[in-house]
Amino acid sequence: MKVLVIGGGGREHALAWKLAQGERVEAVFVAPGNAGTALEPRLKNVAITDLGELAEFAANEKVDLTVVGPEAALAAGAVDIFRARGLRIFGPTKAAAELESSKAFAKAFMRRHAIPTAAYDVFDDAAAAHRHVDAAPTPIVVKADGLAAGKGVVVATTREEAHAAVDAMLGGAAPAGSRVVIEEFLDGEEASFIVVCDGRSVLALATSQDHKRLGDGDLGPNTGGMGAYSPAPVVTPNVHARAMHEIIVPTLAGMAAEARPFSGFLYAGLMIDSHGAPKTVEFNCRLGDPEAQPILMRLKSDLFELLYQAAAPHDGPRLDEVELQWDRRVALGVVMASAGYPAAPRGGDAIAGLPTAASSDSDANGGDAVKVFHAGTTLRGDAVVTAGGRVLCVTALGDSTRLAQQRAYEAVKTISFAGAQWRSDIGQRAIRRQGAPDASLDPGAVRDYLLALQARIVAAFEHEGGDAFLADAWQREPGGKLEGDGVSRLVEGGSLLERGGCGFSHVKGRALPPAATQHRGAELAGAPFEAMGVSVVLHPRNPYVPTVHMNVRMLAAFPAGADPVVWFGGGMDLTPYYGFEEDAVHFHRAARAALAPFGADKHPRFKRWCDEYFFLKHRHEARGIGGIFFDDFAEGGPDNGFALIRAVGDAFLGAYLPIVQRRRGLPYGERERDFQAYRRGRYVEFNLVFDRGTLFGLQSGGRVESILMSMPPVVTWRYDWQPAPGSPEARLYTDFLPPRDWAGAAPSAGAGAAA
């Protein structure tokens with residue numbers, strides 16, 4: 001497959017770089033590109049800017065997909081020109097791109113469709129605009145109506161500043177027909193909310209936050225953006241849901257209703273108030289710059305396949321059926337700008353210290369931990385020189401915002417050119433926002449909750465089954481590799497449970513072992529840590545009651561000279577011996593309800609992870625019907641992660657006990673018990689071979705009780721056993737265990753496929 005990227009900035013370098021990683025992509029052309037794309041492997045610059053000539057080039061080269069980067073090309077009708085020639089192109093039409101190319105149109109559109117935004121008025125007469133400024137409170141915002149490369153906005157703190165902005169935008173030097181939008185000042189914190197649209201459905205990208213002002217502390221003139229990071233902690237699950245339902249979905253519906261169906265990247269600049277209510281500051285009809293750089297650094301999915309499908313939506317599944325994979329780490333980009341930017345940027349200055357392929361900083365997985373994306377650069381012979389206002393975006397991945405920030409600024413310091421300027425505080429808002437929860441999250445509160453959860457679960461099953469759980473308490477004294485304590489509550493040979501365990505552990509260590517840091521970032525290697533969790537495995541006596549597993553956990557690492565890194569993980573899942581649709585639907589709906597307050601994306605994502613985790617590749621079969629599974633969860637900060645594991649832990653009894661109560665009295669015979677033993681053998685095989693992660697071991701205090709509680713009293717390893725064709729046992733594997741949307745299913749009145 002061949003791809004053409006239109007544009008020559010940092011966004012286009014990032015797009016071309018990520019598209020070139022596509023499995024089916026053999027070549028990426030960038031028109032006109034920059035020095036970075038010229039030097040990037042698998043990219044080739046094309047010195048064409050005329051849109052008609054580019055369409056001719058794409059046709060002659062048999063380009064399979066064109067992606068439009070900059071707003072000017074969209075406003076000029078690039079998509080219309082390419083589509084007229086039958087060429088596949090990703091982006092909005094000229095009519096749809098008016099959401100960005102005319103601020104007056106966008107504001108009127110939002111008013112028509114009740115999309116939350118600031119109150120405003122539009123003026124084409126300078127005198128009327130000045131009268132409005134005199135009557136309005138300050139601060140006040142003055143915006144040029146047309147495209148301004150992100151710089152046509154003045155946030156005036158005084159009337160004098162507002163009057164000067166009006167004169168600049170509507171005065172004698174302004175083009176004929178100029179208009180300004182004057183709107184109320186919105187107080188809050190900005191974030192960039194970018195989605196992919198195909199004209200009929202939508203898929204949100206990772207959140208991000210830009211830094212518009214030139215100077216530290218958000219001082220100085222507006223720019224196209226001096227840096228960004230992803231994800232943006234200010235976009236909590238509640239804010240995310242509101243942005244989708246109150247802004248994005250109504251916008252796409254409104255555009256379709258006005259015969260301007262929108263496909264392409266849609267960027268909603270949000271202002272989020274102290275109550276978490278988002279309003280729309282502006283719309284852009286393309287991927288943000290510099291937001292694109294950190295977002296695409298984190299994207300693990302194939303960007304080409306995503307955009308190829310979105311450019312021809314009727315050829316494949318809807319976007320809302322697609323799930324993107326993201327690097328769980330933070331990505332942060334620092335823009336290095338030229339002398340004189342933004343008023344009069346200087347070009348032609350040689351750039352020294354740029355990383356080469358041999359000197360690039362790579363992560364533990366062989367990917368780029370630091371990537372320098374070029375924007376305003378060109379080649380002069382073999383030298384790279386400045387050729388625009390924003391020159392480079394130095395982007396880094398790290399396990400926290402502070403670690404990503406440190407890594408990015410370390411790379412910035414190795415690069416130099418005359419008059420270079422950059423902000424030194426990119427990411428500080430996220431660090432401040434995350435710093436308070438990191439400091440205030442009380443490990444004692446987590447411990448108290450986990451112990452109370454363990455006590456509730458044990459009490460419920462002692463009451464239900466009438467059999468007492470034994471208590472096996474343990475402690476590791478200070479001075480060793482691990483210190484801490486825990487208690488395992490175990491039952492064996494009971495009337496309800498043949499074997500079960502509900503273990504709590506809380507351990508600390510001087511250094512995270514290598515196996516626990518190989519996928520979390522080298523900077524955490526050897527860091528002190530603290531881990532605690534509750535893990536439950538219950539093996540009922542009746543073969544018609546499924547085995548269940550649930551765990552919730554916290555891991556905190558304390559790297560030297562950096563903020564703590566706190567993750568949460570957990571999940572719950574069922575491994576049935578005989579399947580009942582009613583039970584599967586109930587369990588999965590309980591899991592979905594527990595996750596609902598944290599965003600609509602969580603249940604599909606966590607269910608898919610569990611389905612993948614449950615699939616036994618060596619046997620080509622599912623181990624059970626799954627449930628939910630998540631690990632290294634840090635979205636929204638530690639308080640949000642703690643709330644998530646509480647929601648899962650609190651949902652467990654309601655998800656599982658009704659199944660136990662429905663099935664425990666069903667009659668069974670020798671065949672059912674034999675099949676149960678066989679299924680348990682596979683369960684234990686999976687645990688012993690595939691489920692002994694380092695983190696799991698840390699949370700069990702380095703002991704083996706978690707393995708022992710998985711071992712039922714009788715385990716029969718019968719690899720040559722085959723269920724009779726057409727039997728309930730055979731139907732369990734063919735009809736019941738393969739993943740399906742249980743939460744959305746309508747359960748039948750009776751038993752399921754294997755009952």
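Residues numbered from 1 in each chain as written. Predicted model: local features only at pLDDT ≥ 70, side-chain atom pairs only at ≥ 80, totals over all residues. Heavy atoms only, no water.

Caption draft 1: Representation of the packing of aromatic side chains. What the rule picks out here adds up to 17 aromatic pairs. Each ring, one from Tyr544 and one from Phe580, has its centre 6.1 Å from the other, and the planes form 70°; the classification is edge-to-face. Taken together, the residues span a long stretch of sequence, with Tyr544 in the loop between strand 26 (529-540) and strand 27 (547-557) and Phe580 in the loop between strand 28 (565-575) and helix 16 (581-595) at a distance of 36 residues. Under the relative-accessibility criterion, Tyr544 is labelled buried at 13%. Plain terms: the ring middles of Phe606 and Phe630 are 4.9 Å apart, the flat faces sit at 25° to each other, and that makes the pair stacked. Of this pair, Phe606 sits in helix 17 (residues 602-614) while Phe630 sits in strand 31 (residues 626-633), placing them 24 residues apart in sequence. Taken together, Tyr544, Tyr578, Phe580, Phe675 and Tyr733 form an aromatic cluster joined through their ring pairs. Between the NZ or CZ atom of Arg24 and the centre of the ring of Tyr308, over which it lies, the distance is 5.6 Å. Above the plane of the ring of Phe642 lies Arg646, whose end atom (NZ or CZ) is 4.3 Å from the centre. (Phe/Tyr/Trp six-rings, centres within 6.5 Å; stacked < 30°, edge-to-face > 60°. Helix = DSSP H or I, 4+ residues; strand = E, 2+ residues; numbered from the N terminus. Buried < 20%, exposed > 50% of the residue type's maximum accessible area, 1.4 Å probe, protein only. Lys NZ or Arg CZ within 6 Å of the ring centre and 35° of its normal.)

Caption draft 2: Seen up close, helix 3 (residues 51-61). For helix 3, every residue scored as buried is listed here: Leu51, Leu54, Ala55, Phe57 and Ala58. The arc enclosing the buried residues of helix 3, seen along the axis, measures out at 160°, which places them on a common side. In this structure, the buried residues of helix 3 make contact with strand 1 (2-7), strand 2 (27-32), strand 4 (65-68), helix 4 (71-75) and helix 5 (78-84). (Arc of directions from axis to C-beta. Contact = heavy atoms within 4.5 Å.)

Caption draft 3: Looking closely at the nonpolar core. One finds Ile457, Phe461, Met572, Phe652 and Tyr656 to be the most contacted residues of the largest nonpolar core, which totals 67 residues. If one sorts the elements of this core by residue count, helix 18 (residues 638-663) sits on top with 13 residues. Beyond its immediate chain neighbours, meaning those up to four positions away, Ile457 contacts Cys502, Val536, Met550, Phe652 and Leu653. With 50 residues, the next largest nonpolar core counts Leu4, Leu99, Ala191 and Phe193 among its residues. (Core = buried A, V, L, I, M, F, W, Y, C linked by side-chain atoms within 4.5 Å.)

Caption draft 4: Local environment of the confidence of the model for the protein. Taken as a whole, the protein shows an average pLDDT of 86; of its residues, 88% reach a score of 70 or greater. With pLDDT under 50 throughout, residues 436-440 is counted as low confidence; its partners more than four residues away or in other chains account for 7 contacts. Confidence drops under pLDDT 50 across residues 749-755; counting only partners more than four residues distant or on other chains, this segment forms 18 contacts. (pLDDT = per-residue confidence, 0-100.)

Caption draft 5: Local environment of the environment of Lys212. Mapped onto the fold, Lys212 is located in the loop between strand 12 (209-210) and strand 13 (213-215). Once the C-alpha coordinates of Lys212 and Thr223 are considered, the two residues, 11 residues apart in sequence, prove to be 5.4 Å apart. What Lys212 contacts, discounting residues up to four positions off in sequence, is Pro221, Asn222, Thr223, Gly224 and Gly225. Side-chain polar atoms of Lys212 contact the side chain of Asp210, separated by 3.2 Å. (Polar contact = N/O pair within 3.5 Å; in protein donor to acceptor, adjacent residues only side chain to side chain.)

Caption draft 6: Spatial organisation of the packing of helix 16 against helix 17. One way to put it is that helix 16 packs onto helix 17 with a least axis distance of 9 Å and a crossing angle of 130°. As summarised for this structure, helix 16 and helix 17 are arranged oblique, according to the angle between their axes. Between helix 16 and helix 17 the crossing geometry is right-handed. Of helix 17, the residues touching helix 16 (which contributes His588, Ala591, Arg592 and Leu595) are Lys602, His603, Phe606 and Lys607. (Axes fitted to C-alpha atoms, helices over the stretch in contact; angles between N-to-C directions. Parallel < 35°, antiparallel > 145°, perpendicular 65-115°, else oblique. Left-handed = near helix turned anticlockwise from the far one by under 90°.)

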